[in-house]
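For reference, the chains in residue letters:
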Amino acid sequence: MKSQEEARPFHQKTQHISIQYDGTITFTEGALFKLKKGMSLFEMHPFFEIIPSLIDEHKNTKTSVDHNFACIHLNDDDIERICDVTLTISSYGIEVLIFDYTQKYNELHTVAQQKNESILLARALELRNKYLLEKEEFKNSFIANINHEIRTPLTSILGFVEILEKTKLDFEQEELARIIKRESLHLNALIDDMIDISNIESGKLRVTEERFSIKELLKGFEKTYNKVAENKGLAFTMTYEDSIADYVIGDATRVYQILNNLLNNAFKFTETGKVTLTASKNYQRGNKTSVSFKIEDTGLGIIPENLDAVFDRFSRFNQDKKIAGTGLGLAIVKNLIDLLQGDIKVTSEVDKGSIFSLKLPFGIEIGSKSPERKKKSYTLPKRDKKFRILVVEDEESTQYLVMKLLIKEGDFFVDIAMNGEMAINFVEKRAYDLILMDLQLPTIDGYKITKQIRTKYGDKVIAEVPIIGFTANSKEGERERCLKAGMDDFITKPFEQQDLLYKITKQIAKKAAQ
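Residues numbered from 1 in each chain as written. Predicted model: local features only at pLDDT ≥ 70, side-chain atom pairs only at ≥ 80, totals over all residues. Heavy atoms only, no water.

As for the packing of helix α8 (residues 396-409) against helix α13 (residues 497-513)
- Taken N-terminus to C-terminus, the directions of α8 and α13 make an angle of 65°; their axes are 12 Å apart at the nearest point. It follows from the interaxial angle that α8 and α13 lie roughly perpendicular. Read as a crossing pair, α8 and α13 show a hand that is right-handed. Of the residues in α13, those touching α8 at Leu-401, Leu-405, Leu-406 and Glu-409 are Gln-497, Leu-500, Leu-501 and Ile-504.
- Its residues assigned to classes, the contact of α8 with α13 shows six nonpolar, one polar and one charged. (Axes fitted to C-alpha atoms, helices over the stretch in contact; angles between N-to-C directions. Helix = DSSP H or I, 4+ residues; strand = E, 2+ residues; numbered from the N terminus. Parallel < 35°, antiparallel > 145°, perpendicular 65-115°, else oblique. Left-handed = near helix turned anticlockwise from the far one by under 90°. Contact = heavy atoms within 4.5 Å. Nonpolar A, V, L, I, M, F, W, Y, C, P; charged D, E, K, R; others polar.)

Here's the deal with helix α6 (residues 252-268)
- Helix length check: α6, at 17 residues, gives a terminal C-alpha distance of 24 Å against a target of 24 Å (1.5 Å per residue), a fit within 8%.
- Among the 17 residues that make up α6, 12 are buried, leaving the element largely enclosed by the rest of the structure.
- Burial in α6 covers these residues: Ala-252, Arg-254, Val-255, Gln-257, Ile-258, Leu-259, Asn-261, Leu-262, Leu-263, Asn-265, Ala-266 and Phe-267.
- Where α6 begins, the side chain of Asp-251 points an oxygen toward the backbone nitrogen of Thr-253, at a separation of 3.3 Å. (Expected span 1.5 Å × (residues − 1). Buried < 20%, exposed > 50% of the residue type's maximum accessible area, 1.4 Å probe, protein only. Polar contact = N/O pair within 3.5 Å; in protein donor to acceptor, adjacent residues only side chain to side chain.)

Side note on the nonpolar core
- With 48 residues, the main nonpolar core has Ile-214, Leu-218, Leu-262, Phe-293, Leu-358 and Phe-362 as its most contacted residues.
- Leave out the neighbours within four places in its chain, and Phe-362 touches Phe-212, Ile-214, Val-248, Ile-249, Gly-250, Val-255, Asn-287, Lys-288, Thr-289, Val-291 and Phe-293.
- Ile-25, Leu-41, Ile-55 and Leu-74 belong to the second-largest nonpolar core, a separate cluster that totals 24 residues. (Core = buried A, V, L, I, M, F, W, Y, C linked by side-chain atoms within 4.5 Å.)

Points about the sheet that holds strand β16 (residues 467-471)
- Spatial strand order, β14-β13-β15-β16-β17: five strands in an open sheet with parallel pairing. Looking at the sheet topology across the chains shown, the edges are occupied by β14 (412-417) and β17 (489-492). Looking at each pair of strands side by side, their axes are set apart by 20° on average, direction ignored.
- With four bridges connecting them, β16 and β17 associate as parallel partners. Considered in β17, the bridge of Phe-470 is made with Ile-491.
- Sitting on the sheet, helix α10 (residues 446-456) is in contact with β15 (434-438) and β16, with an inclination near 150° to β15.
- Sitting on the sheet, helix α12 (residues 478-485) is in contact with β16 and β17, with an inclination near 145° to β17. (Pairing = 2+ DSSP bridges.)

Things to note about the pairing of β14
- Of the strand pairs in this sheet, strand β13 (residues 387-392) and β14 are connected by six bridges, and their pairing is parallel. Note that in β14 the partner of Val-392 across the bridge is Ala-417.
- Handedness of the crossover joining β13 and β14 through α8: right-handed. (Right-handed = clockwise from strand over helix to strand, strands pointing away.)

Some details on the pairing of strand β1 (residues 13-19)
- Direction of pairing for β1 relative to strand β5 (residues 93-100): antiparallel, over a ladder of seven bridges. Opposite Ile-19, over in β5, you have Ile-94 as the bridge partner.
- Across four bridges, the pairing between β1 and strand β2 (residues 25-29) is antiparallel. By the bridge assignment, Ser-18 is partnered in β2 with Phe-27.
- Two successive antiparallel strands, β1 and β2, enclose a turn made up of five residues, where Gly-23 displays a positive phi of approximately 95°.

In structure tokens:
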């Protein structure tokens, strides 16, 4: 048997006890437990009652046998010790060695506990991350479904109102149509805000670098908000510093969205006075420039204690129910400005108005002054017969809207396919000049139908027919996904009728020119 020093390399407190087979102590040394010669070891602690059974197991064995027991809790005068015990049974009697490892076992227990806590913490974090990912996935899926379910009827509402406005209406009917359109556009804007904040939080919103004119972008605001100002009895002025580069490189869509939200907010909370939009050059160095924008109003203003929270989500400090909104507009503005690596500040005085000042960085092209890019115009090719359009759409109201719009133009025949199977059946039997393809269809979606049309047929009349995808899903990358599937263009619901007609005309004209 190895010496205890070899078996146990760290410091020990030990006690050696010799006993007879009946448990009577014949010898003891050490100060761990108060034992005396003649006492019964079996009565000291229930653990030692195991010895008789061990004796029975080895009664016919002539050689000595060792039994080692670890982490045994032994008590003496209310002092608990954690010990390792070695029992050596031989024909001469029983030798008991007790090693006091209380301190070491406590240290090991602490380490094990810390390790277990660390494992549990890591597992808890893993489960929490999994929960957050599942929650985010559910939220995005829910928002996407809500987006589709609301935009689809909105397409019909706005489309039919637009058709209604072109008919002969009396004053009361015009006012009712105007209210329906205004409230529908407001609902559409709320959906846009919901989608934007979801994309921002999930990191799906991407910055697009493109070349555009800040001056032309601001001119668009001038036209739009002059009419808003006139309707509210306000003044709207816009000033533009000529030293700003004619063309800059940046995300025109996000810049428009930021300024539009701020202007919309200014007009919303201003009942008398004016709203002003100012643009000036902050600096220009090499191929980089910074432009400052300032939106001032003479509206209700914000109390000082609310200024720090003005860009928080769902923050509404004015509880007037006549002023519509969800409190997402300024939160979206702040997130978009951060995304563009810009900066925004706000100052305000109650009953005197607010000033939102922001700075946005842009790239510029050195030494080039490009001409203004205008939207190219297209006309339908001249021919004796009308153009035939296939509308693949499962919503009856949208079918009727598109059909009425196209037939009213006088240049189109329209066929309606309710699903993918019907669409394939139609294109195999009749030549079409263009297909309007809804993306979310029962059984087979618009992407798969398009791929089938592009790849299955050797007939170029079928395989090369222009296809425009349209859907209520306005999430990032949807247009690219449509083009990748083989579509020629893309339009979101609800759409402007002139925009739809322009895209149809463009694709038919381009196909005819080939």
